[in-house]
Amino acid sequence: MTQISSQRIKQIISAPPLGTTLEIKGWLKSRRDAKGFSFLDITDGSCLQGLQVVADSGLTNYQEEIKKLTTGCCLSVRGVLQESPAKGQAAELIAEEITIHGWADAALYPLQKKRQSFEFLRTLPHLRGRTNSIGAMIRIRSRLSHAIHTFFQQHGFYELHTPIITASDCEGAGELFTVTAMDLAHLPITKEQQVDYSRDFFGQQASLTVSGQLEAETYALALGNVYTFGPTFRAENSNTSRHLAEFWMVEPEMAFCDLAGDMDLAEEMLRFVIDDLVTSAPDDLALFNRFVDKELLKRLALLQEPFKRLSYSEAINLLLTSGQTFAYPVSWGMDLQSEHERYLTDSLFKRPLIIYNYPKKIKPFYMRLNDDNKTVAAMDVLVPGIGEIIGGSQREERLDVLTARMAQCNVPQEPYQWYLDLRRFGSAPHAGFGLGFERLVMLATGLGNIRDVIPFPRTPGSAAI
Ligand code: ATP
Ligand code: MN
C-alpha cells in the first residue's frame, strides 16, 4: 500500500478527473441506502468536503459488508469518477471495489454524524480530529505554521532551535516545570535543608523553557535576524480559556531594530499569515464563520488595515475617562487586566491595537529603559475577542543600564554572565517579540477556548493524552 499513488479527496474535488479510475481511502461519514444501491459519504481529512461514493448491490460484498457500514468505519474505494447528477457536488465515485480496513462498532463509537459540543469533544482528544471542526482547525494550524516559516524565510531570518531544557530562566520563577532525574522519594538534601540540585543530572536546577528569547538574542547578535518556533511551558495555575501549560511560541529577534521596527514586523507578520490563510483555506474558514463566529471573516479583513498604536499612558487615560466600571480599578502603573484590554479592543477601537511604552515596574529587566526613566520600550499586540496575542520589546543593549536594572529587579548577575557578555562584546540595538501560536489559531478560527486549537491540550489537572 503506497500513500503516494492514492488520491486525496481535496485534489479530486478541485479538478475532478471525470471518467478515470481512481482509489480513495478514508472514513465513512454516513451511509444512505436506496433501492439496489447505497450512497457512502467518505472523508479523508484532506478537506472539509467528502466524496460521494455510489455502491451498487452488484458489488460482491454489498450485502455482507457494505450494508453494515456505519459512521467511523475505515475503507478504500476503487471506482470510476463520474459527473454527479446531485446538487452541491461536481463528481461522485461509482464503486467497483470496496475494501473495509477497520470497522467501528456503532453501539460504541462515540462520534455521531450530528454536531457535538466542543466540551464533549474535549473528552475525546484521540478521536475529535475526525470531526469537521477539529479537522478544519488542524488544517488551519498547519497552514499558519507554514506561513510563519515562509514569512521569516522570505525576510532573511534564520530558524534557530533554542533549548527546551534550560537553567537560565529569566522571568518565570513561579511558573517553571522543574526537569529532574532524581528519585523524588529519596531527594538529596543540603545542610540548609534544601534540595541538593548539584547532585541532579545537570549539576544544577533545570526546567522546561518558558521562552527562547534570551538564547535567540545570542544568535541575533551573530546572524542578524533569527526566529524560534517551538514549545514553551508555564506552570501557571490559571484555568482560563487562553492559557495552556504547554503552548507554541514564535519568537523573532532582530539586530539593528528598535521598538518601532519591532511593531512593524509584528503587524506585517500577522497580516501576511492571515492573508495567506484567507486565500488558501476559504472552505475551512467559511465553516468557522458559519458555525462558530459569524464575525470571523469580517474581523480577519480588519487585520489588513493598519493597527491602532497608542502608548500605555494614553491607554490608561482612555480607560480612566471611559465611564466604565472595572473590577480592577485603573491607575497609571498597573498591569492591564483582560477586562481593560477587552474594553479597548472590543468596545472602543474595535480593531487590533498595539500598546507600547509600559511602566518599567511591571516589565522584566531586559526591556530597554526609555529616556523618561519610568517606562520601557515594550509593546503588546491586542486583538478583539482575545486580548494579548504578542508581547515584545526593544532589548536593553547598554551594559551599565542593564546591570542597574537587574539589581533593581533582584536578578542575580552570576548566572547571566553570558547574557551580559552580549553587551560587553559588540553590543547592538536589538528587538524581538513572542507570538502565542495558539492565540493566533484562536484569532484565525474564532474558537473561544484555547483547548480547542491544539491537538492535545495541557492544562492544570489534565495531560492524559
Ligand atoms: P498573558 O498576559 O496573556 O498571560 P504573558 O504576558 O504572560 O501573557 P508573554 O510572556 O508576553 O505572555 O508571552 C508572549 C505570548 O505568548 C503572549 O502574548 C501570548 O500570546 C502567549 N502566551 C503566554 N502565556 C501563554 C499561555 N499560558 N498559554 C498560551 N499562550 C500564552
Ligand atoms: Mn506579555
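Just so you know, these numbers come straight off a predicted model, no measurement behind them.

Definitions and cut-offs
Residues numbered from 1 in each chain as written. Chains lettered and ligands numbered in written order. Predicted model: local features only at pLDDT ≥ 70, side-chain atom pairs only at ≥ 80, totals over all residues. Heavy atoms only, no water. Helix = DSSP H or I, 4+ residues; strand = E, 2+ residues; numbered from the N terminus. Buried < 20%, exposed > 50% of the residue type's maximum accessible area, 1.4 Å probe, protein only. Expected span 1.5 Å × (residues − 1). Polar contact = N/O pair within 3.5 Å; in protein donor to acceptor, adjacent residues only side chain to side chain. Axes fitted to C-alpha atoms, helices over the stretch in contact; angles between N-to-C directions. Parallel < 35°, antiparallel > 145°, perpendicular 65-115°, else oblique. Contact = heavy atoms within 4.5 Å. Nonpolar A, V, L, I, M, F, W, Y, C, P; charged D, E, K, R; others polar. Core = buried A, V, L, I, M, F, W, Y, C linked by side-chain atoms within 4.5 Å. Salt bridge = Lys/Arg side-chain N within 4 Å of Asp/Glu carboxyl O. Near = heavy atom within 4 Å. Areas by Shrake-Rupley, 256 points an atom, 1.4 Å probe, with all protein chains shown as cover. Phe/Tyr/Trp six-rings, centres within 6.5 Å; stacked < 30°, edge-to-face > 60°. Lys NZ or Arg CZ within 6 Å of the ring centre and 35° of its normal. Pairing = 2+ DSSP bridges.

### Some remarks on unusual backbone geometry
Okay, step 1: Here the phi dihedral of F256 falls at roughly 60°; this positive angle occurs in a residue that is not glycine.
Okay, step 2: Structurally, F256 can be placed in the loop between strand 11 (246-255) and helix 5 (259-280).
Okay, step 3: Its relative accessible area of 69% is what places F256 among the exposed residues.
Okay, step 4: In this structure, K350 is a non-glycine residue whose phi angle is positive, near 55°.
Okay, step 5: Tracing the sequence through the fold places K350 in the loop between helix 9 (338-349) and strand 13 (353-359).

### Details of helix 5
Since the α-helix turns once every 3.6 residues, residues separated by three or four places project in the same direction.
Okay, step 1: Under the 1.5 Å per step criterion, the end-to-end length of helix 5 is 32 Å for 22 residues, consistent within 8% with the ideal 32 Å.
Okay, step 2: Buried within helix 5 we find L259, D262, M263, L265, A266, E267, M269, L270, V273, I274, D276 and L277.
Okay, step 3: Capping the start of helix 5 is the job of one residue whose side-chain oxygen sits 3.3 Å from the backbone nitrogen of A260: D258.

### Points about the packing of helix 10 (residues 399-408) against helix 11 (residues 417-424)
Okay, step 1: Direction vectors running N to C along helix 10 and helix 11 enclose 155°, while the axes themselves pass 9 Å from each other. Between helix 10 and helix 11, the angle is such that the two are roughly antiparallel. From helix 10, L399, L402, T403 and M406 reach across to helix 11, where they touch Y419, L420, R423 and R424.
Okay, step 2: Class assignment for the residues of the contact of helix 10 with helix 11 results in five nonpolar, one polar and two charged.

### Here we look at the nonpolar core
Okay, step 1: The biggest cluster of nonpolar side chains holds 86 residues, and the ones touching the most others in it are I24, I98, I390, L435 and L440.
Okay, step 2: Excluding anything up to four places from it in sequence, L440 contacts L144, I148, L270, V273, I274, I389 and L435.

### What about the pattern of salt bridges?
Okay, step 1: In the structure shown here, the tally under the stated rule is 23 salt bridges.
Okay, step 2: For D44, the salt bridge identified is with R8, shortest N-O distance 3.9 Å. Note that D44 is positioned in the loop between strand 2 (37-43) and strand 3 (51-56) and R8 in the segment before helix 1 (9-14), a separation of 36 residues in sequence.
Okay, step 3: R271 is the salt-bridge partner of E267, the closest N and O atoms lying 2.6 Å from each other. Of this pair, E267 and R271 both sit in helix 5, four residues apart, which is roughly one turn of the helix.
Okay, step 4: According to the relative accessible area criterion, E267 is buried, its value standing at 6%.
Okay, step 5: Via salt bridges that share partners, D264, E267, R271 and R309 belong to a single interconnected network.

### Let's talk about the site of ligand 1
Okay, step 1: Contacts to ligand 1 come from 15 residues, most closely from E236, H243, E388, I389 and R439.
Okay, step 2: Between ligand 1 and the protein, one listed contact pairs a nitrogen atom with a side-chain N or O atom of E236 at 2.6 Å.
Okay, step 3: In this structure, an oxygen atom belonging to ligand 1 sits 2.7 Å away from a side-chain N or O atom of E388.
Okay, step 4: Calculation on ligand 1 without its partners gives an accessible area of 580 Å², and the protein chains cover 82% of this total.
Okay, step 5: Here the shell around ligand 1 takes four residues from strand 15 (residues 387-395), the largest share from any one element.

### With respect to the side chain of R395
Okay, step 1: On the secondary structure map, R395 appears in strand 15.
Okay, step 2: You can call R395 buried: its relative accessible area is 2%.
Okay, step 3: A polar contact of 2.8 Å, which involves the side chain of R395, links it to the side chain of E253.
Okay, step 4: Engagement of the side chain of R395 in a polar contact is seen with the side chain of S393, the distance being 2.7 Å.
Okay, step 5: Aside from chain neighbours lying at most four places away, what touches R395 is Q213, E217, E253, Y366, R368, R423, H430, A431, G432 and F433.

### Quick notes on the side chain of S322
Okay, step 1: Position of S322 relative to the elements: it lies in the loop between helix 8 (312-320) and helix 9.
Okay, step 2: Among the residues examined, S322 registers a relative accessible area of 18% and is labelled buried.
Okay, step 3: Looking at S322, its side chain comes within polar contact range of the main-chain oxygen of L319, at 2.8 Å.
Okay, step 4: One polar contact links the side chain of S322 to the main-chain amide nitrogen of Q324, over a distance of 3.1 Å.

### Considering the packing of aromatic side chains
Okay, step 1: Taken as a whole and judged by the stated rule, the model has 16 aromatic pairs.
Okay, step 2: Residues W418 and Y419 carry aromatic rings whose centres are separated by 5.8 Å and whose planes lie at 75° to one another, so their mutual orientation is edge-to-face.
Okay, step 3: For W418, a relative accessible area of 31% gives the class partly exposed.
Okay, step 4: On the accessibility criterion, Y419 (0% relative accessible area) is buried.
Okay, step 5: The structure contains a cluster of three or more aromatic residues connected by ring pairs, namely F151, F152, F157, Y227 and F272.
Okay, step 6: Lying over the aromatic face of Y419, R423 brings its terminal NZ or CZ to 4.1 Å of the ring centre.

### Digging into the sheet that holds strand 9 (residues 206-208)
Okay, step 1: The strand order across the open sheet formed by three strands is 7-9-8, and the pairing between neighbours is antiparallel. Whereas interior strands pair on both sides, the edge strands pair on one side only; in this sheet they are strand 7 (165-166) and strand 8 (178-179).
Okay, step 2: Across two bridges, the pairing between strand 8 and strand 9 is antiparallel. For T178, the partnering residue across the bridge sits in strand 9 and is S207.

### Thoughts on the pairing of strand 13
Okay, step 1: Counting buried positions over the seven residues of strand 13 gives five, a clear majority of the element.
Okay, step 2: Both strand 12 (residues 308-311) and strand 13 contribute to a ladder of four bridges, which runs parallel. Across the sheet, K308 pairs through a bridge with L353, a residue of strand 13.
Okay, step 3: Relative to strand 14 (residues 375-383), strand 13 runs antiparallel, the two sharing six bridges. By the bridge assignment for strand 14, L353 is matched with L382.

Interpretation in functional terms is not warranted from these geometric data alone.
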